[in-house]
Amino acid sequence: AEVSAEVDAFGNYVRTVMVTSGSARRTKIWSPFRSRTTRLMLNSSGDASGDGWPAILESPLDRKPWVVWSHNDGADFDLAWSRFDNGGWQPVKSLLPLDSIDPDLDPVLAFDDAGRPYVAWWRDRGGEGKIYVSLFLTTRWMLPLQVSDLGENARNPVLVILPDRRMQVTYTTPAGTVTVFVTTMVPFAP
């Protein structure tokens, strides 16, 4: 299993490849699987630490991938991210500036038409799920914004960026599916 970027003989990005292996009970996502000199691995120790599935999406501007996933830091899951730029994966960073004591799970990515990335995920707060969103602000991610209602047990977000740059966030609750529309007050220059 692995998540890797393939490059051509000149080091130009060609595509992202995700290969899984292992059993149904113990799927491997991140471990090195293939050997090629034209691929660049991301998070090759992720299976050993118990990292979650990646959300992988190519930017509409340069067709290079951004990746977000739940990284197991030994105490809980925090969101980690990287992007492919300048011939390789950029150093893995924490998406959130402050570590929550609650696990951040199942992130999904979306881009607006200007190439700005957005992310949605759910946080397990004492067995109750809360949906959060963030967007990339030139050099860092915006502080998380909770979009599910207080007292609502929400999970499994789906994120769509509308042409007017509102976020359409759909998620599941015990009562059924909920869709909310989120507008941010952030300048929209990528």
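Here's what I pulled together on the structure shown here. Residue numbering note: each chain is counted from 1, following its sequence as written. The model is predicted, so local features are restricted to residues of pLDDT at least 70 and side-chain atom pairs to those at 80 or more, both for listing and for counting; the totals for chains, interfaces and linings are taken over all residues. Each side-chain value is derived from all of the structure's non-hydrogen atoms; neither hydrogens nor water enter the calculation.

### Thoughts on the side chain of Asp 102
Tracing the backbone shows Asp 102 in the loop between strand E10 (93-94) and strand E11 (104-111). Burial status follows relative accessibility: with a 1.4 Å probe on protein chains alone, a residue under 20% of its type maximum counts as buried, one over 50% as exposed, and anything between as partly exposed. On the accessibility criterion, Asp 102 (14% relative accessible area) is buried. At a separation of 3.1 Å, a polar atom in the side chain of Asp 102 contacts the side chain of Arg 125. Each residue touching Asp 102, except ones within four places of it in the same chain, is listed here: Asp 76, Phe 77, Arg 123, Asp 124, Arg 125 and Gly 126. Put simply, DSSP H or I for four residues or longer makes a helix, DSSP E for two residues or longer makes a strand, and each gets a number counted from the N terminus. The definition of a polar contact used here is a pair of N or O atoms within 3.5 Å, where within protein one atom must be able to donate a hydrogen and the other to accept one, and adjacent residues in sequence count solely through side-chain atom pairs. Contacts are assigned to residue pairs with any non-hydrogen atoms lying within 4.5 Å of each other.

### Some details on the pattern of salt bridges
Here a salt bridge means any side-chain nitrogen of Lys or Arg lying within 4 Å of a carboxyl oxygen belonging to Asp or Glu. On inspection of all chains with the given rule, the structure shows 9 salt bridges. Measuring nitrogen to oxygen at the nearest pair gives 3.6 Å for the salt bridge that ties Glu 58 to Arg 63. Judged by its relative accessible area of 46%, Arg 63 falls in the partly exposed class. With a closest N to O distance of 2.6 Å, Asp 104 and Arg 123 form a salt bridge.

### A short note on the sheet that holds strand E16 (residues 155-161)
Across the sheet, 3 strands lie side by side as E16-E17-E18; this open sheet has antiparallel pairing. Sheet topology places E16 and strand E18 (176-182) at the edges, where each strand pairs with a single neighbour. Strand-to-strand twist of the sheet, defined as the mean angle between neighbouring strand axes without regard to direction, takes the value 20°. As paired elements, strand E17 (residues 167-173) and E18 share 7 bridges and run antiparallel to each other. What sits directly across from Thr 173, in E18, is Gly 176. In short, DSSP must find at least two bridges between two strands for them to pair. Here an angle of 0 to 180 degrees is reported between the N-to-C directions of two axes, which are lines fitted to C-alpha atoms, with helices fitted over the stretch in contact.

### Thoughts on the nonpolar core
Note that soluble globular proteins tend to have their nonpolar side chains buried in a common cluster. By nonpolar core is meant a set of buried Ala, Val, Leu, Ile, Met, Phe, Trp, Tyr and Cys residues that side-chain atoms within 4.5 Å join together. In terms of nonpolar packing, the biggest core is built from 19 residues, with Ile 131, Val 147, Leu 159, Met 167 and Val 169 touching the most fellow members. Elements represented by at least two residues in this core include exactly E11, strand E12 (117-125), strand E13 (128-137), E16, E17 and E18. Excluding its chain neighbours within four sequence positions, the residues that come into contact with Val 147 are Ile 131, Val 133, Val 169, Tyr 171, Val 180 and Val 182. With 14 residues, the next largest nonpolar core counts Trp 66, Leu 96, Trp 121 and Phe 136 among its residues.

### Observations regarding the sheet that holds strand E1 (residues 2-7)
The strand order E2-E1-E5 describes an open sheet built from 3 strands, whose pairing is antiparallel. Strands at the two margins of the open sheet, each flanked by one partner only, are strand E2 (13-19) and strand E5 (39-41). Adjacent strand axes in the sheet meet at a mean angle of 25° when their direction is disregarded. Strand direction decides the pairing type here: E1 and E2, joined by 6 bridges, are antiparallel. Across the sheet, residue Ala 5 finds its bridge partner in E2, namely Thr 16.

### Some remarks on the environment of Thr 179
Note that Thr 179 resides in strand E18. A relative accessible area of 39% means that Thr 179 is categorised as partly exposed. Residues Thr 179 and Phe 111, spaced 68 residues apart in sequence, show a C-alpha to C-alpha distance of 18 Å. Separated by 3.0 Å, the side chains of Thr 179 and Thr 170 make a polar contact.

### Notes on the packing of aromatic side chains
Pairing of aromatic rings covers Phe, Tyr and Trp, the last through its six-membered ring, and needs centres within 6.5 Å; plane angles under 30 degrees mean stacked, over 60 mean edge-to-face, and all others mean tilted. Enumeration according to the criterion identifies 11 aromatic pairs in this entry. A centroid spacing of 5.4 Å and a plane angle of 65° characterise the contact between Trp 81 and Phe 136, whose relative ring orientation is edge-to-face. With Trp 81 in strand E8 (residues 77-85) and Phe 136 in strand E13, this residue pair connects regions lying 55 residues apart in the sequence. Residues Trp 81 and Trp 141 carry aromatic rings whose centres are separated by 5.8 Å and whose planes lie at 80° to one another, so their mutual orientation is edge-to-face. Residue Trp 81 is located in strand E8, and its partner Trp 141 is located in strand E14 (residues 140-141); the two are separated by 60 residues in the primary sequence. Assigned by exposure class, Trp 81 and Trp 141 land together as buried. Among the aromatic residues, those joined into a cluster by ring pairs are Trp 66, Trp 81, Phe 111, Phe 136 and Trp 141.

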